[in-house]
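# A look at the structure
This is what each chain is made of:
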Amino acid sequence: MKLRELTGYKGNAHYQAAKNTLVKDNPGDENWRQFNKFKEYMDANGFSHKGMGAYGTVFEKPGYEWLFKLYKNDPAYDEFIRYSKKHSDNPHLPKFYGAKIKINDDTSCIRTEKLTKLPYDMYRQYMEYFTAVFAILAERVDPNDSTYDELYREYQQFSRKHPNLFEVLKYIFTESAYYPDLHNGNIMMRGKTLVFSDPVAL
């Protein structure tokens, strides 16, 4: 059964299996034992495990245009989902399909678009710009410092040339209740467009 449409998901066999498997961990459980159980279940249903971070894990299946992300104890990602949906016209934010599905008190899943990895040389180049933007927005550089003028020029050029990207960086660096978390595993590409897939963390 495809998970393309999740209307009435509480009666869906996949949802029930996940809920039965992902009982809330008891104190002392190691390495998120319940995540490992769910991974085995997804493997058995044709999904492959694409990757795992500190608070979540991602699955994909041939023929599906979306990824299936399962995450646990991650209010930062919940905030990012809300921000992305509110600003869905910004091309530098990921697309989410349907509503978040709550598995239990601390675990949820959501469908998100498939993106491709940003080449490492481009990642390093973008991070130089992001560092300049962060330094100015977060007031990490004294205006009297010898590096300030150069950083401020880069900041101004970047904000004028990439206004949509700049708006997302403002959210990441100054508006989010959580910490910036930018690395080459969550700065992705949609065609030729840079997309942040999960840029804030606890």
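Everything here concerns the structure above.
All values derive from a computational prediction rather than experimental measurement.

### What about the pattern of salt bridges?
In total, this model carries seven salt bridges according to the counting rule given. With a closest N to O distance of 3.1 Å, Lys-69 and Asp-198 form a salt bridge. With a gap of 129 residues between them, Lys-69 in strand β3 (residues 66-72) and Asp-198 in the loop between β9 (193-196) and β10 (200-201) connect regions that are remote in the sequence. Summarising the burial analysis for this pair, Lys-69 and Asp-198 share the class buried. When salt bridges with common partners are traced through the structure, they connect Lys-50, Glu-60 and Lys-114 into a single cluster.

### So, helix α3 (residues 75-86)
An ideal rise of 1.5 Å per residue puts 16 Å on twelve residues; α3 measures up with 17 Å between its terminal C-alpha atoms. Contact partners of the buried residues in α3: β3, β4 (96-104), β5 (107-113), α6 (163-175), β9 and β10.

### Points about the pairing of β5
Most of β5 is tucked away, with seven of its seven residues classed as buried. Burial of β5 is two-sided: the residues Thr-107, Cys-109, Arg-111 and Glu-113 facing one way and the residues Ser-108, Ile-110 and Thr-112 facing the other way are all buried. Relative to β5, β4 runs antiparallel, the two being bridged by five bridges. Residue pairing in the sheet places Phe-96 in a bridge with Thr-112 of β5. Where β4 folds back on β5, the antiparallel hairpin that results is connected by two residues.

### Quick word on the packing of aromatic side chains
A full pass over the atoms with the stated rule returns 17 aromatic pairs. Between the aromatic rings of Phe-130 and Phe-196, the centroid separation amounts to 5.7 Å while the plane-to-plane angle is 45 degrees, which identifies the pairing as tilted. One end of the pair, Phe-130, is in helix α4 (residues 120-137); the other, Phe-196, is in strand β9, and 66 residues separate them in sequence. For the pair Phe-130 and Phe-196, one class covers both residues: buried. Grouping aromatic residues by their ring pairs yields a cluster made of Tyr-126, Tyr-129, Phe-130, Phe-158 and Phe-196. Cation over ring: Lys-69 sits above Tyr-77, and NZ or CZ is 3.7 Å from the ring centre. Across from the ring centre of Trp-66, 5.5 Å away, lies the NZ or CZ of Arg-111, which sits over that ring.

### Here we look at the sheet that holds strand β8 (residues 187-190)
What the three strands build is an open sheet, ordered β6-β8-β9; its pairing is antiparallel. Among the strands making up the open sheet, the edge pair consists of β6 (116-117) and β9. For β6 and β8, the ladder comprises two bridges, and the chain directions are antiparallel. Looking at β8, one finds that Lys-117 is bridged to Met-188. α4 rests against β8 and β9 of the sheet, and its axis sits at about 115 degrees to β8.

### Quick notes on the side chain of Glu-79
Structurally, Glu-79 can be placed in helix α3. For the buried residue Glu-79, which engages in no salt bridge, the nearest side chain bearing the opposite charge is Arg-82, 5.5 Å off. Of the polar contacts made by the side chain of Glu-79, one reaches the side chain of Tyr-171; its length is 2.6 Å. Within the structure, the side chain of Glu-79 is placed 3.1 Å from the backbone nitrogen of Ala-177, a separation counted as a polar contact.

What counts as what
Residues numbered from 1 in each chain as written. Predicted model: local features only at pLDDT ≥ 70, side-chain atom pairs only at ≥ 80, totals over all residues. Heavy atoms only, no water. Salt bridge = Lys/Arg side-chain N within 4 Å of Asp/Glu carboxyl O. Helix = DSSP H or I, 4+ residues; strand = E, 2+ residues; numbered from the N terminus. Buried < 20%, exposed > 50% of the residue type's maximum accessible area, 1.4 Å probe, protein only. Expected span 1.5 Å × (residues − 1). Contact = heavy atoms within 4.5 Å. Pairing = 2+ DSSP bridges. Phe/Tyr/Trp six-rings, centres within 6.5 Å; stacked < 30°, edge-to-face > 60°. Lys NZ or Arg CZ within 6 Å of the ring centre and 35° of its normal. Axes fitted to C-alpha atoms, helices over the stretch in contact; angles between N-to-C directions. Lys, Arg positive; Asp, Glu negative; His and termini not counted. Polar contact = N/O pair within 3.5 Å; in protein donor to acceptor, adjacent residues only side chain to side chain.

Functional significance is not addressed by these values, which are geometric in nature.
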